[in-house]
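Per-entry structural report
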Amino acid sequence: MRVTDGARGSVEVWKKRSRTLEDQLAWADSIFGAHPGVVLIWDDVAAPAADGDWGSPRIYGSPLALASMLRFSDAAVAAEPSIRILQGLSTFDAHAAGGEPTRLGPALARLRREGAPFSLVISTPDGVYVEVDGRTAGARAVVWILDASVRGVEHGSGDLPDGGGKVLAGDPAAFLKMWNTTPFMAWRVNGGLELDWANPAYLEALRAKSLDSAVQRNLQLDAAVVEMARKAIDTGEVIEEVRTATVGEARRTLRLRMAPISGGAAGLAIDVTETEASRDLMSKQQRAHDETLNALAEGVAVFDAQKRLVFHNLAFEQMWGVEAAFLADRPAHAAWLDYLKEKRKLPATANYAEWRAGELALYQEVAELPEDLWVLPDGRMLRVARQRHPGGGMLMIFSDMTNEISLRSQYDALLQTQKAALDKLHEAIVVFGLDGRLKLSNAAFSEMWDLPRETFEADMPFEKLVAACKAKFHDDAVWAQVRARITDPSPEARTEFRGEMRRSDETVLKFLTRPLPDGATLVAFQDITADRRVEDALRERAEAFEEADRLKTQFVENVSYQLRNPLQAIQGNAEMLHHKIFGPLNDRQAEQVGSIIEASGNLSKLIDNILDVAMVEAGNVQLDLGPMNIYETLTESVQMAASKARDTEVPIRIKCDPEIGEIAADQKRITQVIVNLLSNALRHTERGDTITVTAERAEDLVRLTVADTGKGMNFEAQAHAFDSFQSGDRRGAGLGLALVRSFVEMHGGWVALKSEPGRGVTVTCHLPAHAPPEPPAGPPPTPPRERRKAA
């Protein structure tokens, strides 16, 4: 007993404490049983995962109170009584102690999550009000739910402001008719998310035959709308969405609004298909507008009514060199100006603060926004244009005018230079625009037409200027032609036109109209009176020279013919004496007879050359073309000149391939050409010199060359070597080379001469291998001056 005394005492103590606790528990149960409501206690300290997570609360209260609360759980789906009560009450409207609307679900979630106490009153559609208070007790959450009707407490309709409850109670049919006539869909679901009511627009959209049929089938718009209703009931907040749904057989864009109401949720669906299409179109147009502005070379900035930058294009950012981050912060207009001022990018001003205030004052009502030209410190010149923005604020456009102003200055300087240059011209110049008005004139024009400078007006019409000029030239037809070239834009008229004007003062003007690239027309006048007089004098002199040349040719022909008969008699008698037909001659007589024969031969050759020259100049020489052996022709020509070569002891050498072939030519004339060249070479060579005759073929060309190693020819004589009656000494009349050139050119070839004093003369005749298609009858007519020189 002594050993167990302590243990037995402890047992008595615990038994006594157990009886005390049982008494207290029975007392608490009696208290809870006497409470007219129910008490829910959550022992778990874990926060709810979502607003719809009710946890596992323990419930206390009398059976009468529990039965009273369970009548509000028709829309509940849970099996536990405590959860059913909470689900049922959460579908009804509630008001906090301050009168603001709220819901049981969110308030209970905040209590369990944050320990936030709440007191609210729930109103049911049956007019029953339930008071709910939530508090924390240590780590536990406790909620008292009391049916206020048990205590006879009355609450007003707090969710209908300004006497709405009286209106609804006074004429509920009218209120329902209003909802039935709305053009948009309206419906109501209960706490179990089942359809309770819908207006005709809803029934028509879902092809329902009647409201009862729709309620019985629980006809919902789609599953997403049901989820919106659940979320609105759980959170006690209005849920709004804009999305596409199938209405009937068409896809429509709907603005959906689901609001929690007492006993469930109410939904509205407004068809905004056209509105959204317009908004989408406007958004696309806005993007296109922004892209267009970004493609502009001008900088564009838009400031809203609060003077903040709401848009700028890429050119604006590049033009000012502003950091993209600064612009992304949508700076105010004043801040943007201050930034540029800090970077030394604004025009220099005496008082920056005053200038800045003036810029910002333009946002006020101003009759017309000004345009400015900003000259920046870096030398750029910007034109600043402003205009009111339709959305409020101001739009600014910055155009870099540096190059334009520079080009305009250069253009003005060039125009002044051109005007000064035109005034220095002797020709009269006027420029008319396509509208027939005077654009430009020089001083020579006013002097030529005796018009004072004050006569010329800006944009003076063509007719008025012509009227002032008619005192000196009154031919309307000519003036009409000039006007047609000025005002007619057709391609046929926009061509150069020339003419002459013989004025009343006996002066002659030559005029020219020329179209300019800009559409204007230049008309130039030149006084050619002196030129006309000179031309007349030259024409008369040329006619006199032609007549003299004709007489000369006729004289040469007549003289040559008259000299040939006595010359033949002299040659004949001399040859008879030379052949001693009348008897022997002594040495002196034989020498004299030889001189007579030589002189008469030279004279005969001279007469033949004179006749040939006359026939060539008259165009009466016809070539007798045929196959000509080049080697044989050279050999025969050299043999004809061999006697003179033996007399002067000058050898003549031939360098030609015997197989060189033939060409189409007049053999007689080619032989005459070679003999004349050899005769000319013999006259200019002495003992010890040599003469070389060369012929060579190159493709379609044959070159005949006569070269000597004589004394050569000075450079002045070379210029006239092939002219008629030109000779380097007194031993010839100077017709041989002239005939050489004439005969070669008649064959379609040409002659080249090369010589230096003391180094001989080389003459090359270039002949075509084939005869020309139409052999010319003679060389082109010799100019009068050449004929006078020959005479």
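See the structure above.
Now for a look at the structure at hand. Computed from a predicted structure; not experimentally measured. (Residues numbered from 1 in each chain as written. Predicted model: local features only at pLDDT ≥ 70, side-chain atom pairs only at ≥ 80, totals over all residues. Heavy atoms only, no water.)

What follows covers the overall build of the protein chain. In terms of regular secondary structure, the protein chain is built from 26 helices and 29 strands. A buried classification covers 38% of the 791 residues belonging to the protein chain. Contacts in the protein chain between residues far apart in sequence, at least 24 positions, make up 52% of those at least 6 positions apart. (Helix = DSSP H or I, 4+ residues; strand = E, 2+ residues; numbered from the N terminus. Buried < 20%, exposed > 50% of the residue type's maximum accessible area, 1.4 Å probe, protein only. Contact = heavy atoms within 4.5 Å.)

This part takes up the pairing of strand β20 (residues 497-502). Covered by surrounding structure in β20 are Phe497, Gly499 and Met501 only, the residues Arg498, Glu500 and Arg502 on the alternate face being uncovered. In this structure, β20 lies alongside strand β21 (residues 508-515), joined through six bridges in antiparallel fashion. Its bridge partner being in β21, Arg502 is matched across the sheet by Val508. Counted between consecutive antiparallel strands, the loop separating β20 from β21 contains five residues, among which Glu506 sits at a positive phi close to 70°. (Pairing = 2+ DSSP bridges.)

Another point: the pattern of salt bridges. Applying the stated criterion to the full structure yields 34 salt bridges. Note that Glu240 is salt-bridged to Arg257, the shortest N-O span being 2.3 Å. Of this pair, Glu240 sits in strand β10 (residues 239-247) while Arg257 sits in strand β11 (residues 250-261), placing them 17 residues apart in sequence. For Arg257, a relative accessible area of 36% gives the class partly exposed. Bridged by salt links that share partners, the residues Asp450, Lys472, Arg503 and Asp505 form one connected network. (Salt bridge = Lys/Arg side-chain N within 4 Å of Asp/Glu carboxyl O.)

We now examine helix α10 (residues 273-295). With 23 residues, α10 should cover 33 Å at 1.5 Å per step; its first-to-last C-alpha distance of 33 Å lies within 8% of that length. Among the residues of α10, Thr273, Asp290 and Leu293 are the ones counted as buried. Packed against the buried residues of α10 are β11, β12 (264-271), β13 (299-303) and β14 (309-312). (Expected span 1.5 Å × (residues − 1).)

Aromatic rings in a pair are described by how distant their centres are and how their planes are angled relative to each other. For the structure shown, the criterion picks out 21 aromatic pairs. A ring pair is formed by Trp449 and Phe525, whose centres lie 5.7 Å apart and whose planes are at 85°; its orientation type is edge-to-face. Residue Trp449 is located in the loop between α16 (443-448) and α17 (462-469), and its partner Phe525 is located in strand β22 (residues 521-527); the two are separated by 76 residues in the primary sequence. Accessibility expressed as a relative area gives 3% for Phe525, which makes it buried. The rings of Phe303, Phe316, Trp320, Trp336, Tyr352, Trp355, Trp374 and Phe398 are connected pair by pair, giving a single aromatic cluster. The aromatic ring of Trp449 is capped on one face by Arg503, whose charged end is 4.8 Å from the ring centroid. (Phe/Tyr/Trp six-rings, centres within 6.5 Å; stacked < 30°, edge-to-face > 60°. Lys NZ or Arg CZ within 6 Å of the ring centre and 35° of its normal.)

On to helix α2 (residues 63-70), then. Each full turn of the α-helix corresponds to 3.6 residues, which orients residues three or four apart in the same direction. Of all the positions in α2, only Ala65, Ser68 and Met69 are classed as buried. Along α2, the residues classed as buried sweep out an arc of 95° about the axis, all on the same side. For α2, the exposed residues lying more than 90 degrees away from the buried face are Pro63 and Leu64. Those residues of α2 hidden inside the fold are in contact with β1 (38-42), α3 (81-90), β6 (129-137) and β7 (140-147). (Arc of directions from axis to C-beta.)

Core analysis: the biggest nonpolar cluster contains 40 residues, and Ile630, Leu634, Leu677, Leu678, Ile691, Leu704 and Cys765 have the highest contact counts within it. If you list the elements that add at least two residues to this core, you get α21 (630-640), β25 (662-665), α23 (667-683), β26 (691-698), β27 (701-708), α25 (736-746) and β29 (761-768). For Ile691, the contacting residues outside a window of four places in its chain are Val650, Pro651, Ile652, Arg653, Leu678, Ala681, Leu682, Thr685, Val706, Ala707 and Asp708. With 28 residues, the next largest nonpolar core counts Val189, Leu195, Ala229 and Ile233 among its residues. (Core = buried A, V, L, I, M, F, W, Y, C linked by side-chain atoms within 4.5 Å.)

This part is about the sheet that holds β6. With respect to topology, seven strands assemble into an open sheet ordered β2-β1-β7-β6-β5-β3-β4, the strand pairing being antiparallel. Among the strands making up the open sheet, the edge pair consists of β2 (58-61) and β4 (101-102). One ladder, built from four bridges, connects β1 with β2; its direction is antiparallel. Within β2, the position partnered with Ile41 by the bridge is Arg58. Along the sheet face, α2 touches β1, β2, β6 and β7 and points at about 80° away from the line of β7. (Axes fitted to C-alpha atoms, helices over the stretch in contact; angles between N-to-C directions.)

Further remarks concern the packing of α21 against α23. Following both chains from N to C, one finds α21 and α23 inclined at 45°, their axes separated by 9 Å at the closest point. If you check the angle between α21 and α23, you find them oblique. Crossing geometry of α21 relative to α23 is assigned as right-handed. Between α21 and α23, the residues in contact are Thr633, Leu634, Glu636, Ser637, Val638 and Met640 and Gln667, Ile670, Thr671, Ile674, Val675 and Leu678, respectively. Residue composition of the contact of α21 with α23, by class: seven nonpolar, four polar and one charged. (Parallel < 35°, antiparallel > 145°, perpendicular 65-115°, else oblique. Left-handed = near helix turned anticlockwise from the far one by under 90°. Nonpolar A, V, L, I, M, F, W, Y, C, P; charged D, E, K, R; others polar.)

Okay, the sheet that holds strand β19 (residues 438-441) next. With antiparallel pairing, five strands are arranged side by side in an open sheet as β19-β18-β22-β21-β20. The sheet terminates laterally at β19 and β20, the two strands that pair on one side only. Adjacent strand axes in the sheet meet at a mean angle of 20° when their direction is disregarded. Where helix α18 (residues 476-487) meets the sheet, it contacts β18 (428-432), β20, β21 and β22, and its direction lies at approximately 145° from that of β22.

Next up on the list: the packing of α3 against helix α4 (residues 104-114). Close contact between α3 and α4 brings their axes to 8 Å; oriented N to C, the two are set at 125°. Compared by their axis directions, α3 and α4 come out oblique. Counted together, Leu86, Leu89 and Ser90 of α3 and Leu104, Gly105 and Leu108 of α4 form the full contact between these two elements. Tallied by class, residues from the contact of α3 with α4 come to four nonpolar, two polar and no charged.

Moving on, we come to empty space enclosed by the protein. Considering all chains together, one arrives at five cavities of 30 Å³ or more under this definition. In this structure, the largest cavity spans a volume of roughly 60 Å³. What lines the largest cavity is Val430, Phe432, Phe445, Phe462, Leu465, Val466, Cys469, Trp479, Val482, Val523 and Phe525. Within the residue set of the lining of the largest cavity, elements represented by two or more residues are β18, α17, α18 and β22. In terms of residues, the lining of the largest cavity owes the most to one element, α17, which gives four residues. Per-class residue counts for the lining of the largest cavity are eleven nonpolar, no polar and no charged. (1 Å grid on protein atoms, 1.4 Å probe; cavity = no way out; pocket = protein on both sides within 12 Å on 5 of 7 lines; lining within 4 Å. Points joined across faces, edges and corners; volume = space filled by probe spheres on them.)

Take the side chain of Asp234 next. Along the chain, Asp234 turns up in helix α9 (residues 223-235). Judged by relative accessible area, which is 17%, Asp234 ranks as buried. Side chain to side chain, Asp234 and Arg230 meet in a polar contact 2.5 Å long. (Polar contact = N/O pair within 3.5 Å; in protein donor to acceptor, adjacent residues only side chain to side chain.)

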